[in-house]
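Structure assessment
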Amino acid sequence: MIRALWTAAGALALCLAVVGAVLPVLPTTPFVLGAAFAFAKGSPRARAWLIEHRTFGPIIVEWEAKGAIAPRYKLLACALMLLALIGFLTGRPEFLDLAIVYGLLNVIGTIAVLKYFRYGGLGD
């Protein structure tokens, strides 16, 4: 029963990662890492498939080996956050207060990605 719950949590996280891969508002990497963690507890076969996946596998391997996000994924994450903010501002300029909050969250997210997920280990 517990393994089934972990497997379901992994499947949900993986679904959110796939959605995050096409929507710049939703991150991909944390959900991929969460899916790998959940599958490790629920379905080793699903975890093995995920690690061997051409798109998601390298994210997990880099995280487990170095405790960090590879530079190309960091750059992609920051660029997509910026594009999402620009898209929001151009699409709904009348919501300035919401845009300010969204912009602050983007800055916090960018700082977290650049500072705390350093390539080579956390906090290097």
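See the structure printed just above.
Residues numbered from 1 in each chain as written. Predicted model: local features only at pLDDT ≥ 70, side-chain atom pairs only at ≥ 80, totals over all residues. Heavy atoms only, no water.

Concerning the overall build of the protein
Along its length, the protein carries 6 helices and 0 strands. Tracing the protein from N to C terminus, the helices and strands come up as α-α-α-α-α-α. Taken along the three principal axes of its C-alpha coordinates, the protein extends 50 × 35 × 25 Å. Taking all 124 residues of the protein together, the buried fraction comes to 31%. (Helix = DSSP H or I, 4+ residues; strand = E, 2+ residues; numbered from the N terminus. Buried < 20%, exposed > 50% of the residue type's maximum accessible area, 1.4 Å probe, protein only.)

Side note on the pattern of salt bridges
The tally for this structure, following the rule as stated, stands at 1 salt bridge. Across the pair Glu64 and Arg47 runs a salt bridge whose closest N-O atoms are separated by 2.5 Å. Residue Glu64 is found in helix α4 (residues 57-66), and its partner Arg47 is found in helix α3 (residues 44-52); the two are separated by 17 residues along the sequence. We classify Glu64 as partly exposed; its relative accessible area is 48%. On the accessibility criterion, Arg47 (18% relative accessible area) is buried. (Salt bridge = Lys/Arg side-chain N within 4 Å of Asp/Glu carboxyl O.)

What to know about the packing of aromatic side chains
In this structure the tally under the stated criterion is 1 aromatic pair. When the ring of Trp6 is compared with that of Phe37, the centres are 5.6 Å apart and the planes differ by 80 degrees; the resulting orientation is edge-to-face. Taken together, the positions of Trp6 in helix α1 (residues 2-22) and Phe37 in helix α2 (residues 29-42) put the pair 31 residues apart, joining distant regions of the chain. Accessibility expressed as a relative area gives 48% for Phe37, which makes it partly exposed. Here the basic side chain of Lys41 rests over the ring of Trp6, its NZ or CZ set 5.6 Å away from the ring centre. (Phe/Tyr/Trp six-rings, centres within 6.5 Å; stacked < 30°, edge-to-face > 60°. Lys NZ or Arg CZ within 6 Å of the ring centre and 35° of its normal.)

With respect to a nonpolar patch on the surface
Taken together, Met1, Ile2, Leu5, Trp6 and Phe37 make up a surface patch of nonpolar side chains, about 580 Å² in accessible area. The greatest single-element share of the nonpolar patch, amounting to 3 residues, is contributed by α1. Structurally, Met1 is set in the segment before α1. (Patch = residues over 30% accessible without salt bridge, like charges linked within 9 Å, V, L, I, M, F, W, Y side chains within 5 Å. Areas by Shrake-Rupley, 256 points an atom, 1.4 Å probe, with all protein chains shown as cover.)

Quick word on the packing of α2 against α4
Direction vectors running N to C along α2 and α4 enclose 75 degrees, while the axes themselves pass 10 Å from each other. When the axis of α2 is compared with that of α4, the two are roughly perpendicular. Together, Thr29, Val32, Leu33 and Ala36 of α2 and Ile59, Ile60 and Trp63 of α4 make up the contact between the two elements. Partitioned by chemical class, the residues of the contact of α2 with α4 number 6 nonpolar, 1 polar and no charged. (Axes fitted to C-alpha atoms, helices over the stretch in contact; angles between N-to-C directions. Parallel < 35°, antiparallel > 145°, perpendicular 65-115°, else oblique. Contact = heavy atoms within 4.5 Å. Nonpolar A, V, L, I, M, F, W, Y, C, P; charged D, E, K, R; others polar.)

Let's talk about the packing of α1 against α2
Where α1 contacts α2, the two axes come as close as 7 Å, and the packing angle between them is 160 degrees. On the basis of the axis angle, α1 is roughly antiparallel to α2. Here α1 and α2 pass one another in a crossing that is left-handed. On α2, the residues touching Arg3, Trp6, Thr7, Ala9, Gly10, Ala11, Ala13, Leu14, Leu16 and Ala17 of α1 are Phe31, Val32, Gly34, Ala35, Phe37, Ala38, Phe39, Lys41 and Gly42. Within the contact of α1 with α2, the residues separate by chemical class into 13 nonpolar, 4 polar and 2 charged. (Left-handed = near helix turned anticlockwise from the far one by under 90°.)

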